[in-house]
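As a plain string of letters, each chain reads:
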Amino acid sequence: MSSAPRRSPRVRDRRLARQALALMAPVLLAPGALSLLALPVCFGDGPRCWVAFGATVAVSAAAYGALRLLFGPADGRVAVPTRMVAVAGGWLLVAVIGMIPFLVIGHGEGANAQTARFTDVQSVFFESMSTFTSTGLSMISAPSELPASLQLWRSLGQWVGGLGMTVFVYAVARPDEDAFQVMTAELSVDELELGPGAAMRRLLAIYGGLTALSVGLFAALGMPPWEALNHGLTGVATAGMTVTDDSFRGYGPALKLAAMFVMLLGGVSMVSHHLLLFRRQLGALLRRTELRTVAALLFLCGAAAVGAHVRLGAGGGALDAAFTWVSALTTCGFSAVDLAVYPASLLLLLGIAMVVGAESGSTCGGIKARRLAWLLRGVVGRVGWEATHQERRPVHRFDGERVEPEEAARQMQSAAVVASLWLLIILAAALGAQILGAGAAPFDDVLFDCASALGGVGLSAGWVSSGMPDASKVGLALMMWMGRLELLAVLVLILAPIRRVLARRLTTPVEDR
């Protein structure tokens, strides 16, 4: 029996591209679905808002229809790089479609000083990307002056972006094994140990329940209903956009404590929530190395940050300092103090928290505490090995279980590579922004805001504004996109055209090893 003819590399590449575009198609429906939710609020905002969100529905549906007509549904088993390209490309296109409401409302006759900032494409691209990557940095200085429909649009976009665009779309449109693998390229949930459909439904149930709890908690403590709705959506998504001009600075201690609780809920992995809520496995939850690492960062490093804040007199009290630390560590972006008056030493401490983030599989950004835990184990293991008997091999444990040396080495190497890439990108972006802006802002402020963008945080030391250079707006928007996908999916997308060259130069067939 003759074997089937092998496809040429060019034919295989075209097939992979078609699969990626086919997988992107359902994701492009997300902006249209969110626009339908925002339409009822347009009754009090005038006809231009109806046009803005109606146009978004139309463009979203047309984009979906075009991809579906041209490429159909994805066929066959979808490779990991193809899934990554679909996630990265789909998220970028969603942010582009999400620009429509900002542009249409910004060009309206009744535009105020805030919506008028959406007349240039760079600012709108920045705002839309910040919305759908659940970052929270904004071109707006007074969000209370935005139309209610646009406020809700930002909050809904951040809520969906918090758990992941692909999670929501594929949970509804295609709950099968391939779709689940596409979803896990965006959110680390393989530890749920459930079938694809059950896992997706469980994720949405957990996220929806946490959201309802957050909104209800804020409302019960006296926050106005509209603010409670929007801040509940963005808080559990660790997103950070608010409908108040001073974020959480104007609220009392009870609401600040409630917001800290909500941010921590968002920073905990969906796997941890699943272990506690559905399996009642408190022991397994407490054995999670990553969760213990987050707790250490929260309490030990947080105590140091609060002490430094109070000692340096950086404004506000100990509660405000603790609030800011929780916001940085969970990469939420809610603010209780003016970071523009923070000294460089405190900005650096907060910047480290923003780069690390909380648990993987949560709504937060950063490199995640899991990678920090592996880095620390690598350092401690290496020092212990050098200091004792070099003929003995170090023993690595994670989540209470022994890890084979090869797997431990792979995890440490991966963590080191990702952490190095993050630091290099942040430093390069800050240096480039300083050169483009001719030193218009202090370097420590620029460095902090670059870390905030890549970490998907939203806290700002004062550099981000509508008056910053257009190149910096676009650059930071792309950093938000890269950081939300933890760099790897974006790198796969960028390097896709030279994939075969890289494979020949950097890899060898398994049988030749």
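Please refer to the structure higher up on the page.
A few words now on a nonpolar patch on the surface. A surface patch of nonpolar side chains, amounting to about 460 Å² of accessible area, comprises L276, L277, F278, L282 and L286. Those elements giving two or more residues to the nonpolar patch turn out to be α13 (270-277) and α14 (282-286). Following the sequence through the fold, L277 ends up in helix α13.

Moving on, we come to the packing of aromatic side chains. Under the defined criterion, the tally for this structure stands at ten aromatic pairs. Judged by centre distance (5.5 Å) and plane angle (65°), the ring pair of F53 and W153 falls under edge-to-face. Of the two residues, F53 sits in helix α3 (residues 47-71) while W153 sits in helix α7 (residues 148-163), which places them 100 residues apart along the sequence. Across the pair, exposure class does not vary: F53 and W153 are buried alike. Considering the side-chain rings of F102 and F118, the 4.9 Å spacing of their centres and the 65° angle between planes classify their relative orientation as edge-to-face. One end of the pair, F102, is in helix α5 (residues 99-106); the other, F118, is in the loop between α5 and α6 (121-132), and 16 residues separate them in sequence.

Going through the model one piece at a time under the given rule, you end up with six salt bridges. Among the salt bridges present, the one from K473 reaches D120, with a minimum N-O distance of 3.7 Å. In this pair, K473 sits in helix α21 (residues 470-484) while D120 sits in the loop between α5 and α6, placing the two residues 353 residues apart along the sequence. A salt bridge links E359 to R288, with the shortest nitrogen-to-oxygen separation between them at 3.3 Å. Placement of E359 in the loop between α17 (344-356) and α18 (369-387) and of R288 in the loop between α14 and α15 (289-312) is noted, with a sequence separation of 71 residues between them. An identical accessibility class is assigned to E359 and R288; each is buried. A network of salt bridges, in which partner residues are shared, links D120, D470 and K473.

Conventions and cut-offs
Residues numbered from 1 in each chain as written. Predicted model: local features only at pLDDT ≥ 70, side-chain atom pairs only at ≥ 80, totals over all residues. Heavy atoms only, no water. Patch = residues over 30% accessible without salt bridge, like charges linked within 9 Å, V, L, I, M, F, W, Y side chains within 5 Å. Areas by Shrake-Rupley, 256 points an atom, 1.4 Å probe, with all protein chains shown as cover. Salt bridge = Lys/Arg side-chain N within 4 Å of Asp/Glu carboxyl O. Helix = DSSP H or I, 4+ residues; strand = E, 2+ residues; numbered from the N terminus. Phe/Tyr/Trp six-rings, centres within 6.5 Å; stacked < 30°, edge-to-face > 60°. Buried < 20%, exposed > 50% of the residue type's maximum accessible area, 1.4 Å probe, protein only.

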